[in-house]
Amino acid sequence: MSRAAGWARRYGALIRNAWLVDLQYRASITLWLLWGVTEPAVALGIWWTIAGDGPVAGYARADFARYFFALMLVNQLTIAWDSWYLDSWIREGELNFRLARPLHPAHEAVAENIAYKARTAGMILVVWLLVALAWPAVRLPLQPGRWALTALAVLLAAAMRFFISFTTGLLAFWTTRATAIMDLHAGVSLFLSGRIAPLALLPPAVAGAAAWLWFPYMLAFPVEVLTGAAYGAALGHGFAGQVLWLGVWIAGYRLAWSRGIKRYGAVGG
Amino acid sequence: MRSAELQWKIEPWGKPRGTKPVMTLRIPHSAFRILGALWRLNLAEELQYRANFAASVLGTLFWIGTALLTLALFFGHTTRLGGWDYWEVVVLLGVFNALTGVVEAVLRPGIGRLAAEVRSGSLDLVLAKPVDAQGFVSFRRLDIWRLADIPLGLGLAGYALARLGRVPSVAQLAAFAVALVAAAVVVYTIWVVLMSLAFWFVSVENLSVLFDAVYEGARYPVSAYPTALRFVFVYLIPIAWTTTIPASALTGRLGPGIALAAAAVAGLAFALARLVWRMALKRYTGASG
Amino acid sequence: MASGITAERLSKTFRVKVRDPGLGGALRALVRPRYRDVHAVREVTFRIEPGEIVGFLGPNGAGKTTTLKMLTGLLHPTTGRVEVAGFVPWTGGPAFKRRIALVLGNRQQLVWDLPPEETFQLNRAIYDVPEADYRERLAELVALLQLREVLEKPVRQLSLGERMKCELAAALLHRPPILFLDEPTLGLDVTAQEAIRGFLIAYRERHGATVLLTSHYMQDVTALASRVLIINRGRLLYDGGLDALVARIARTKRIELVLGDGATAEALAAFGELKSFRFPNAVLEVPREEAAATSARLLAALPVADLSIEDLPIEDVIRRAFTDGVEEDDA
């Protein structure tokens, strides 16, 4: 059996398992989804009110609507909760049996992400289509080129967010407060990744700082590719940034894993 | 048994005195003893964990900070939000934080775990005890450190008031106090009603997430939302009564008389919570009608 | 040695924080934390040949689980050498992990919400078990463990015994030469325990796997293991056959009597240590060498309806090994 076929079989089994388990938990998953959309919905509500007097930094009401709906979809496609799982596994001793298997635990995590995202993104897409029927403001043009570029941006963002999440989860090897660091990262990304407002609305200094970090590439950039706000040179810039930061976080993950496992083997779990 | 409990009877409206009460609330003195014992145990447990307190306070300060920054972002592009000034909204934010303290310290660790208890059967253990199940489930655990959110939130509200240059009159302060307690009762009701769903949807483990979704809208004054949502937030999912009303009472946007309305809403809410709980419990234990 | 286990002066030391109980102690720990060294495993040396079933006994906190983790590569030793299936476990990687199986009695590896079959398929993919081998091995395991009816029920609907059997099946699909079982019969009823013991014996007979088994239940040990390692407070107290252990520790035997009329406690006490007297039953403890002679004298002197000579219960033997040590010195 070739190596590729072996990996395909492994991922097939892992994704299938994850999909079937998610099926059992679809009610819970729907509630998480509901929670996931309330934050952008509330933000949209506020910006909608503010933009009632006229466009804000080039964003009219319809622009805000499109932005936040695109955000809901892209967020579901890129968000990674592995940090919380890893922290729980490490603290509750659930890492042991996974380490005794000839399969790196990260693969299980990736497969679960794929299954979960396929399911929830599908749900968001359905809701978006229904809303778009009644509300023209949220409609997006159907250009295949644009959707292909979006798919690429989303894939890169999802990969990067996965490595960010997994690496911060590995901090649990060193501290019981890994969740606090995750909260800190989440709090900062509220602003710098565009969850509260399009980056164009941030004070220039803040937006400038964001441009030097990975946050815009987590969410804001793929959203702007989808809505069409990013085009031309900005596209090239954005993709380059995504690739760069993905590389940085993969390196960070590898460092954290090798160091963390050594420490785990020394102090146990 | 009379002297060993607190009693509160809700008389039916408009009927002559002495008519059978609609509902009688009895809190035996032993309840306070039991709660005291539980909370002392909690305190001893919590003190074991190094730096939990510092972590909790830092966490709250961090989220208050992000909320203030979010507001600053909004107000960077407008001067009024739903007719409210920046510092008026900060007062509301302070109230929101104080209530969050109540939620995180008392409600989430207690009634927030109801779904898990129903599923695991631990609820049966509670029902077998000689205590009121609703009271026990609601208040048996405290996340002590989160109580710090209450003074932090109120402090923020006070600071914002100072920045507004307003000194609330005694009547306003009293109205605020009443409205705040009423707000806590309304929040409690929302929790009870949402968590009671656990009796019908036993397999859903994260029902408490439903509260977070619903409550997210309480961060901002109700007037900042479109009219349709405003109706929902005042009459249907009454989160307007949790933050907007108390903040309005404190800043003087609404006269002190609003406290009466708030108290009435709280009373209704509490009765509703009790009713829903008993219906849910009847269904759970299989009792009829 | 491709499927044996070697441990040489294996040691593991942890640094832990010290906390006094109560409110005052908690506050003190907040301000000035103190540490101490815990020697979980001290200079443990043993060698297990391929195909052996070895019981690993010790009270809670004795160092069993820590040793097991070092053998499976989850912990690395502070000092000492360990080799399992020809690998150093800590650095063995996937090649090593394919040659072992780890089954934990108190922690589950089956996917909770799905039928066991799904976990089997997953393990097949993880361990790269070829299709034909998988089918054949699954059939064998299903037959030996009697899993036909439970294969398609979600794991959460299975009884504890059924779950454990499925855990074992899941762990053996890749037919590892070495099997580590940590309390596999924990919490199971007698029937399930016996089923699992029977299975392990049959499996070992067929495939010659090396099995290291930790357990609290003496029946596990007596039924399965001809050899035991006894560990307490990090030290290996005994390594050898069970019979030899009994002979070494159990200096006494028990004479169980059913008495006739006229026999009294005082009369019995003259023959040995009277352990219990509930007329007509009595238990007398006498030195091992004198058991036969004393029995003859009892039969002659007192009205005895029935008499049997029994060994000290294994539990007592082991417990004495823990508390008194095997060589009469405390560890």
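Because the structure is predicted, anything quoted here is derived from the model rather than measured.

Visitor: Help me get a handle on the overall build of chain A, residues and values and all.
Guide: For chain A, the helix and strand inventory stands at 12 helices and 0 strands. In summary, chain A has a C-alpha radius of gyration of 20 Å against a globular reference of 18 Å for 269 residues, a match within 12%. A principal-axis box enclosing the C-alpha atoms of chain A has dimensions of 60 × 40 × 35 Å. A buried classification covers 42% of the 269 residues belonging to chain A. Contacts in chain A between residues at least 24 apart in sequence constitute 79% of all its contacts with a sequence separation of at least 6.

Visitor: Can you tell me about the overall build of chain B, naming the residues and giving the values?
Guide: From N to C terminus, chain B includes 12 helices and 2 strands. Reading chain B from its N end, one meets helices and strands in the order β-β-α-α-α-α-α-α-α-α-α-α-α-α. Contacts in chain B between residues at least 24 apart in sequence constitute 77% of all its contacts with a sequence separation of at least 6.

Visitor: I'd like a rundown of the interface of chain A and chain B, residues and numbers included.
Guide: Listed per partner, the contact involves 27 residues of chain A and 30 residues of chain B. Its residues placed into classes, the side of chain A that touches chain B shows 19 nonpolar, 5 polar and 3 charged.

Visitor: With reference to specific residues and values, describe the pairing of strand β7 (residues 210–214) of chain C.
Guide: All names here are of chain C. Most of β7 is tucked away, with 5 of its 5 residues classed as buried. Because side chains alternate across β7, one face comprises the buried residues Thr210, Leu212 and Thr214, and the other comprises Val211 and Leu213, equally buried. Where strand β3 (residues 53–57) lies against β7, 4 bridges are found, and the strand directions are parallel. Residue pairing in the sheet places phenylalanine 56 in a bridge with threonine 214 of β7. Relative to β7, strand β6 (residues 178–182) runs parallel, the two being bridged by 5 bridges.

Visitor: A description of the sheet that holds strand β11 (residues 273–278) of chain C should follow, citing residues and the corresponding values.
Guide: All names here are of chain C. Spatial strand order, β11-β12-β10-β13: 4 strands in an open sheet with antiparallel pairing. The sheet terminates laterally at β11 and β13 (304–311), the two strands that pair on one side only. The sheet shows a mean angle of 20° between the axes of neighbouring strands, taken without regard to direction. Two strands pair when backbone bridges link them, and strand β10 (residues 252–259) and strand β12 (residues 281–287) are joined in this way by 7 bridges, in the antiparallel orientation. Bridging across to β12, threonine 252 finds its partner in proline 287. Helix α11 (residues 291–301) rests against β10, β12 and β13 of the sheet, and its axis sits at about 170° to β13.

Visitor: Pulling in residues and values, what's your account of the sheet that holds strand β2 (residues 34–48) of chain C?
Guide: Residue and element names in this part refer to chain C. Read from one edge of the open sheet, 3 strands run β2-β1-β4, paired in antiparallel fashion. Edge positions in the sheet fall to β2 and β4 (79–84), since each of these pairs with one other strand and no more. Shown here is a sheet whose adjacent strand axes are inclined to one another by a mean of 30°, direction ignored. Alignment of strand β1 (residues 5–18) against β2, held across 11 bridges, turns out to be antiparallel. Bridging from a neighbouring strand, threonine 6 pairs with arginine 47 of β2. Where helix α2 (residues 64–72) meets the sheet, it contacts β1, β2 and β4, and its direction lies at approximately 120° from that of β1.

Visitor: Any chance you could break down unusual backbone geometry for me, citing the residues and the numbers?
Guide: Residue and element names in this part refer to chain C. With an omega of 5°, the peptide bond between phenylalanine 279 and proline 280 qualifies as cis. Looking at the element boundaries, proline 280 is found in the loop between β11 and β12. For arginine 9, which is not a glycine, the phi torsion comes out positive at approximately 50°. Assessed through the 13 C-beta atoms surrounding it within 10 Å, arginine 9 is described here as partly exposed. Positive phi outside glycine occurs at glutamine 146, with the angle close to 55°. Structurally, glutamine 146 is set in the loop between α5 (131–145) and α6 (160–172). With 12 C-beta atoms packed within 10 Å, glutamine 146 lands in the exposed category.

Visitor: With reference to specific residues and values, describe the nonpolar core.
Guide: Judged by nonpolar contacts, the single largest core of 231 residues is most densely connected at Met160 of chain A together with Ala179 of chain B. The dominant element in this core, judged by the number of residues it contributes, is helix α8 (residues 170–196) of chain B, at 16 residues. For alanine 179 of chain B, the contacting residues outside a window of four places in its chain are Ile245, Pro246, Ala249, Ile258, Ala259 and Ala262 of chain B. Ala263, Leu268, Ala282 and Val286 of chain C belong to the second-largest nonpolar core, a separate cluster that totals 9 residues.

Visitor: Lay out the packing of α8 of chain B against helix α11 (residues 244–251) of chain B with the relevant residues and their values.
Guide: Residues and elements named next belong to chain B. One can describe the packing of α8 onto α11 by two numbers: an axis separation of 8 Å at closest approach and a directional angle of 170°. The pairing of α8 with α11 is recorded here as roughly antiparallel in orientation. For the pair α8 and α11, contact is made by Gln172, Ala175, Phe176, Ala179, Leu180 and Ala183 and by Ile245, Pro246, Ala249 and Leu250, respectively. Split by residue class, the contact of α8 with α11 holds 9 nonpolar, 1 polar and no charged.

Visitor: Report on helix α11 (residues 220–227) of chain A, specifying residues and quantitative values.
Guide: Residues and elements named next belong to chain A. Counting buried residues in α11 gives 8 out of 8 residues, a clear majority hidden from the surface. On its buried side, α11 packs onto α3 (61–78), α7 (144–170), α10 (215–218) and α12 (233–267). Positive phi shows up at glycine 228, right after α11, with a value of about 90°.

Visitor: Now, about the pairing of β1 of chain C: what can you tell me, with residues and values included?
Guide: Note that β1 of chain C and β4 of chain C share 5 bridges and pair antiparallel. By the bridge assignment, serine 11 of chain C is partnered in β4 of chain C with threonine 79 of chain C.

Visitor: Just give me the short version of helix α12 (residues 258–285) of chain B, but keep the residues and values in it.
Guide: Residues and elements named next belong to chain B. Between its first and last C-alpha atoms α12 spans 40 Å; for 28 residues at 1.5 Å apiece the expected length is 40 Å, and the two agree. Buried residues of α12: Ile258, Ala259, Ala262, Val265, Ala266, Ala269, Ala273, Trp277 and Ala280, and no others. In this fold, the buried residues of α12 make contact with α6 (133–139), α8 and α11. Of the residues flanking the end of α12, it is glycine 286, one or two places downstream, whose phi is positive at about 80°.

Visitor: So what's going on with the environment of leucine 125 of chain A? Residues and values would help.
Guide: Tracing the backbone shows leucine 125 of chain A in helix α6 (residues 105–134). Taking C-alpha positions, leucine 125 of chain A is 28 Å from tryptophan 245 of chain A, a pair spaced 120 residues apart along the chain.

Visitor: Tell me about the environment of phenylalanine 46 of chain C, and please be specific about residues and values.
Guide: Residues and elements named next belong to chain C. Secondary-structure assignment places phenylalanine 46 in strand β2. Counting along the chain gives 183 residues from phenylalanine 46 to leucine 229, while the straight-line C-alpha distance between them is 8.5 Å. Once residues lying within four places of it in the same chain are set aside, the contact partners of phenylalanine 46 are Ala7, Leu229, Leu236 and Asp239.

Visitor: Tell me about the environment of valine 131 of chain A, and please be specific about residues and values.
Guide: In this fold, valine 131 of chain A is placed in helix α6. What makes valine 131 of chain A partly exposed here is the crowd of 14 C-beta atoms within 10 Å.

Visitor: Describe the packing of helix α4 (residues 116–126) of chain C against α6 of chain C, listing the residues and the values that go with them.
Guide: Residue and element names in this part refer to chain C. It is the contact of α4 with α6, at a shortest axis distance of 9 Å, that shows an interaxial angle of 20°. On the basis of the axis angle, α4 is roughly parallel to α6. In the crossing of α4 with α6, the sense of the turn from one axis to the other is right-handed. Taken together, the residues of α6 that come into contact with α4 (itself represented by Pro116, Thr119, Phe120 and Asn123) are Cys166, Ala169 and Ala170. In terms of residue class, the contact of α4 with α6 is built from 5 nonpolar, 2 polar and no charged.

Quick notes on the rules
- Residues numbered from 1 in each chain as written.
- Chains lettered and ligands numbered in written order.
- Predicted model: local features only at pLDDT ≥ 70, side-chain atom pairs only at ≥ 80, totals over all residues.
- Helix = DSSP H or I, 4+ residues; strand = E, 2+ residues; numbered from the N terminus.
- Rg over C-alpha atoms; globule rule 2.2 N^0.38 Å.
- Buried ≥ 20, exposed ≤ 12 C-beta atoms within 10 Å, placed from the backbone.
- Contact = placed C-beta atoms within 7 Å.
- Nonpolar A, V, L, I, M, F, W, Y, C, P; charged D, E, K, R; others polar.
- Pairing = 2+ DSSP bridges.
- Axes fitted to C-alpha atoms, helices over the stretch in contact; angles between N-to-C directions.
- Core = buried A, V, L, I, M, F, W, Y, C linked by C-beta atoms within 7 Å.
- Parallel < 35°, antiparallel > 145°, perpendicular 65-115°, else oblique.
- Expected span 1.5 Å × (residues − 1).
- Left-handed = near helix turned anticlockwise from the far one by under 90°.

Taken by themselves, the reported measurements are silent on function.
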